[in-house]
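Listed here are the chains, written in short residue letters.
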Amino acid sequence: MRPGYDAAVERLAGSALFDLKGPRGAMADWAPALPALPEAANQRVESGGAMLCHVGPERWLLRAALDQEAAWQAALRPAQAPPDISIVKVSDTMVFFRVSGPDAGQVMAVGCPLDLHPSVFGEAAVSFTDYFGLRALVMRCEGGFEVWVEQSFGQMLADYLGLVLG
């Protein structure tokens, strides 16, 4: 019988979430209210209660408190964006989990092929990866990691993590 992991899993409250695509300069010019666009791919910046994740070539995810969704919608003006920019509210598409505790890295390693050691996957790191066979966004947070998956897979991931924690 294996000993349990010293870790906890928490499903987090919903967030305002926007998918942003387009050239860096055009995005910065169009939406000056955004936090500074991260310089490197697979990095994130946080400012004024918002988090901006650089998740691909010319692609970012903006996350903020759900009660700020309308303010961000007004600031980003997706319907008026120029043709080279796409801004889509995707708040209802993702569910967020926090895996925390001394063994959080071990719990993550059960389902994630990324090397999450702090020397490789630092404090500002964020990346899409496979997690228990699901497409997931993984990042460090205080005391562990956050994992984002599509809403429809939320219960499945909760079940998998429950099995790991036994």
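This one's a predicted model, so the numbers in the text were calculated from it and none came from an experiment.

## Examining the sheet that holds strand β2 (residues 15–21)
Next up, step 1: An order of β3-β4-β5-β2-β6 is seen for the five strands of this open sheet, with the pairing classed as antiparallel. The outermost strands of the open sheet, each flanked by one partner alone, are β3 (43–47) and β6 (86–89). Shown here is a sheet whose adjacent strand axes are inclined to one another by a mean of 20°, direction ignored.
Next up, step 2: The sheet contact formed by β3 and strand β4 (residues 50–56) spans five bridges and is antiparallel. Counted as the bridge partner of Q43 is H54 from β4.
Next up, step 3: Against the sheet, helix α2 (residues 69–76) touches β2, β4, β5 (59–65) and β6, its axis set at about 20° to β2.

## With respect to helix α3 (residues 104–111)
Next up, step 1: Listed in full, the buried residues belonging to α3 are A104, V107, M108 and G111. End-on view of α3: buried residues confined to an arc of 100°, all on one side of the axis.
Next up, step 2: Buried residues belonging to α3 abut β7 (94–100), β8 (126–131), β9 (134–141), β10 (144–150) and α4 (154–165).

## Remarks on the layout of surface pockets
Remark: the empty space left among the atoms is shown by a probe the size of a water molecule rolled over them.
Next up, step 1: Computed from the structure, the largest pocket encloses a volume of approximately 150 Å³.
Next up, step 2: If you go around the largest pocket, the residues you meet are L17, D19, R59, L61, V90, T93, M94, F128, R135 and E150.
Next up, step 3: Looking at the lining of the largest pocket, the elements with two or more residues in it are β2 and β5.
Next up, step 4: For the lining of the largest pocket, the class distribution of residues is five nonpolar, one polar and four charged.

## What about the side chain of R140?
Next up, step 1: Its place among the elements puts R140 in strand β9.
Next up, step 2: E123 provides the closest opposite charge to the buried, salt-bridge-free R140, at an N-O distance of 4.7 Å.
Next up, step 3: At a separation of 2.4 Å, a polar atom in the side chain of R140 contacts the main-chain carbonyl oxygen of L116.
Next up, step 4: Polar contacts involving the side chain of R140 include one to the main-chain carbonyl oxygen of F121, which spans 2.6 Å.
Next up, step 5: Leaving out residues up to four positions away in the same chain, R140 has contacts with R44, L116, H117, P118, F121, G122, E123, A125 and F145.

## Quick notes on the pairing of β7
Next up, step 1: Within β7, five of the seven residues are buried, which leaves the element mostly enclosed by the surrounding structure.
Next up, step 2: Direction of pairing for strand β1 (residues 8–11) relative to β7: antiparallel, over a ladder of four bridges. The residue of β7 that forms the bridge with A8 is S100.
Next up, step 3: The pairing of β7 with β10 spans seven bridges and is antiparallel. Looking at β10, one finds that F96 is bridged to W148.

About the thresholds
Residues numbered from 1 in each chain as written. Predicted model: local features only at pLDDT ≥ 70, side-chain atom pairs only at ≥ 80, totals over all residues. Heavy atoms only, no water. Pairing = 2+ DSSP bridges. Helix = DSSP H or I, 4+ residues; strand = E, 2+ residues; numbered from the N terminus. Axes fitted to C-alpha atoms, helices over the stretch in contact; angles between N-to-C directions. Contact = heavy atoms within 4.5 Å. Buried < 20%, exposed > 50% of the residue type's maximum accessible area, 1.4 Å probe, protein only. Arc of directions from axis to C-beta. 1 Å grid on protein atoms, 1.4 Å probe; cavity = no way out; pocket = protein on both sides within 12 Å on 5 of 7 lines; lining within 4 Å. Points joined across faces, edges and corners; volume = space filled by probe spheres on them. Nonpolar A, V, L, I, M, F, W, Y, C, P; charged D, E, K, R; others polar. Lys, Arg positive; Asp, Glu negative; His and termini not counted. Salt bridge = Lys/Arg side-chain N within 4 Å of Asp/Glu carboxyl O. Polar contact = N/O pair within 3.5 Å; in protein donor to acceptor, adjacent residues only side chain to side chain.

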